[in-house]
Every structure is written in structure tokens, then in C-alpha cells.
Amino acid sequence: MKTLPLILLFPVLLGACSATSRHGAPPPLENSLGMRFVLVPAGEFLMGSDESLDSLARDFPQYEQARFLHLKDESPIHRVRITKPFFMGQHEVTVGQFRKFLAASGHVPESIADGTGGYGYNPDYDPATSVRRDAFEGRAPKYSWSNPGFRQTDDHPVVNVTWHDATAMAAWLSRKENRRYRLPTEAEWEYACLAGQGGRYAHGNQPQALATVANTFDADASANWPQWASFALQSSDGFAFTAPVGSFPANAFGLQDMVGNVWEWVSDWHDDAWYARSPQADPQGPESGTVKVRRGGSWHTWSLYSRCAFRNWNTPETRYTLLGIRLLLEAEPDTADQPRP
């Protein structure tokens, strides 16, 4: 597991997708659980980053340069073609939607099934001393998708879900609705995150602007983690923990919370050297591995980790207070004839 905030990677998108606005786009689809899906057009972009150390140091001056040396798995930059349109969840799966899935499917989340629980926020936790340290503890049976240690409503993104939980939800929806749901690939996710924009984030390059478009580590969150205050955005986004989904503006594809709020599982195995041999059209990731990729950052993630090309990873059975789900719905064959953004 990449330990945040101890290891970081940094990307810049240098390519552009085939479309950048929502004009003429069909309305989102809504499924049986009330999940909304936005049509993302086929197109191509340049995936990854090889931004210079000088550029990173200029815009992220509070980070020691040694951190920038861990970015090699985001290079080389390579052109990727997404050959088919697809529907992406407009936002992350919510607590309420996950609750409905469990009730209807009988699925038992892995944190409960294996008896070890999840992780949770405990402001008094420190296993070594009486001094407050990281404030995350677990695994513990008292923590799960329904109790991450901080308040959530049915409109907040579900957390403490494993890769296996995410794929089980996709498989159940596929059977129920006779449409194919799945996790997005890394390439599909990054393409959707950038939405045709040519910067570190869909809104541009400047980290401080994140507070207006995403729920990441800022003044609200750093009040609970004063030891990391120098890495927090100086402004406030209004949320110390997760935010109700859709609380921030959509990107040019109509997708919300692609950056921040919670990390999102994708389908790919992680491989540091994958980009050097990745196929150009619809890459699916390595055939095998030990850890699965997660993307997008969270409410507790520093701006350097929140870039669209940042790659992080965990074992498939990982469950955590920062980690959730966004599903992809494959388009029907005639979707390419529908109006595009």
C-alpha cells in the first residue's frame, strides 16, 4: 500500500480528449439503485506525466524534492485511444446506494465477512503514546462501511469497501439489469478525470484552486491533523471529512468528485513499468499483479496526490476510511450515435 502522505507521484496531462463541453449531451441515465451515469465520448489523450523537478518544486514548494523522485510509474507519457463511449458514474457510490445493494443482493462486505472490520477515525488514537498522531485506527470490527468513525448520511460516498466489494456490486447490477457494469480501467478513469483539459487537474494547474472544485486536504481537515498543516490548502472547502456527493462543480464531461472526496478503485493491477509497454487502444492493465490501482485522492489527500494522473495502489482486500467506489456502465452499441458532449 502506498502510504499517504509518505509517498507521492505527480502527473500532468499533455493531451486532449475529443470533446470538452456538455452541449448537446443526453441527460444522465439513472439505474435501479438511483445511481446516475454520464455519457463519456470516445477519444484520445496523452496519459501520464514527466513533469520536471523544477516545475514541481515551483508549484509545490512545501514538499521536499526527494518526494518527486517517486513519480516514475507515471512515465513515459503515452497516447491512449478510448475507442468506445461509456457511461461513468456521475459521482461515487453513496452510503445509501451501497445499503440498497446489500439489502437486495445479500452480499456481505468483506470487512464483516472476514471478521476483521475496517478502519476508523479516532481523534484520541495513538498506539505508542498518549499524544494524538494520525487518528486513524484499525482494522477493528467496530469500523465498517456503515461506521468510519465520522458522521455520514446516505448522500455521502461509501468508504471502507474493498476491491472485491466493488466488483461484487458491479456483477450484481449487471445480472439485475442485463447491462454490463464494471470498474473503469486506469486509462478510462484518467481520461474521464481530465475531460479534455490539459492540466494537472481538470480545472487547470494551480493547487490552491482545488478548494473551489474538490474536497481535499485543506484548512478544515488540517484542524484535525495539525502536524500536516503545511501541506493543506490555505483555503476552506467546507468539509473536514467526506462531503455529500455532487457538492462541487462537474468537470467538462459532467462528472463530479473525480478529484477528492474518496479514492476510487479501478480494475487494473499496478505495475511501475506498465506505461512503457501499454497498448495504445483501450489498455486494460497488466494481466496479473499483487495490488490494484486506486485513483483520484480523497478528503484527506494533499494537492500533490490529487492530480488526475497520480497512481496509488492497495491490495484488493484493503478497506479504509478514504477509499470508495465509482462504477462504469458500458454503452450499448448504438450509443455512439447519441449526441456527444
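It should be noted that the structure appears before, not after, this text.
Residues numbered from 1 in each chain as written. Predicted model: local features only at pLDDT ≥ 70, side-chain atom pairs only at ≥ 80, totals over all residues. Heavy atoms only, no water.

Undergrad: What's the story with the side chain of serine 222 in this structure? I'm lost.
TA: Summarising the element assignment, serine 222 is placed in helix H6 (residues 219–222). Serine 222 gets classed as buried once you look at its relative accessible area, which sits at 12%. (Helix = DSSP H or I, 4+ residues; strand = E, 2+ residues; numbered from the N terminus. Buried < 20%, exposed > 50% of the residue type's maximum accessible area, 1.4 Å probe, protein only.)

Undergrad: Quick question: what am I supposed to make of the state of the cysteines here?
TA: Chemically, a disulfide is nothing more than a covalent bond linking the sulfur atoms of two cysteines. Inspection of every chain in the model, using the stated rule, returns one disulfide. A sulfur-sulfur distance of 2.3 Å marks the disulfide that ties cysteine 193 to cysteine 308. Across the S-S bond of cysteine 193 and cysteine 308 the torsion is about -65°, and the bridge reads as left-handed. In this pair, cysteine 193 sits in helix H5 (residues 186–194) while cysteine 308 sits in the loop between strand S10 (292–295) and strand S11 (312–314), placing the two residues 115 residues apart along the sequence. (Disulfide = S-S within 2.5 Å.)

Undergrad: How should I be thinking about the sheet that holds strand S13 (residues 328–330) in this particular structure?
TA: Hydrogen bonds between backbone atoms are what pair the strands of a sheet, whose relative direction is either parallel or antiparallel. Read across the sheet, five strands follow the order S1-S2-S5-S13-S8 without closing on themselves; strand pairing throughout is antiparallel. The open sheet is flanked by strand S1 (29–30) and strand S8 (181–182), the only strands paired with a single partner. Sheet topology places S8 next to S13; two bridges connect them, and they run antiparallel. From the neighbouring strand, tyrosine 181 faces S13, where its bridge partner is leucine 329. (Pairing = 2+ DSSP bridges.)

Undergrad: When you look at the nonpolar core in this model, what are you seeing that I'm missing?
TA: Within soluble globular proteins, side chains that are nonpolar tend to cluster in buried spots. Among the nonpolar cores identified, the biggest contains 80 residues, and Met88, Phe98, Met169 and Leu327 are the most heavily contacted of them. Excluding anything up to four places from it in sequence, leucine 327 contacts Met35, Phe37, Met88, Gly89, Val93, Ala166, Met169, Ala170, Leu173, Arg182 and Leu183. (Core = buried A, V, L, I, M, F, W, Y, C linked by side-chain atoms within 4.5 Å. Contact = heavy atoms within 4.5 Å.)

Undergrad: Hey, could you run me through the pattern of salt bridges in this one?
TA: For side chains of opposite charge, pairing can occur when their charged atoms come near one another. One pass over the full model with this rule turns up 20 salt bridges. The residue arginine 311 makes a salt bridge to aspartate 73 at a minimum N-O spacing of 3.9 Å. One end of the pair, arginine 311, is in the loop between S10 and S11; the other, aspartate 73, is in the loop between helix H1 (53–59) and strand S4 (78–82), and 238 residues separate them in sequence. Like arginine 311, the residue aspartate 73 is buried in the burial classification. Glutamate 330 is the salt-bridge partner of arginine 182, the closest N and O atoms lying 2.8 Å from each other. Of the two residues, arginine 182 sits in strand S8 while glutamate 330 sits in strand S13, which places them 148 residues apart along the sequence. (Salt bridge = Lys/Arg side-chain N within 4 Å of Asp/Glu carboxyl O.)

Undergrad: I keep staring at the sheet that holds strand S12 (residues 323–324) and nothing clicks. Help me out?
TA: The mixed open sheet is built from four strands, whose spatial order is S11-S10-S9-S12. Two strands bound the open sheet, and with one partner strand each, they are S11 and S12. Pairing geometry for strand S9 (residues 263–269) and S10, over three bridges, is antiparallel. Looking across to S10, one finds that tryptophan 269 is bridged to lysine 292.

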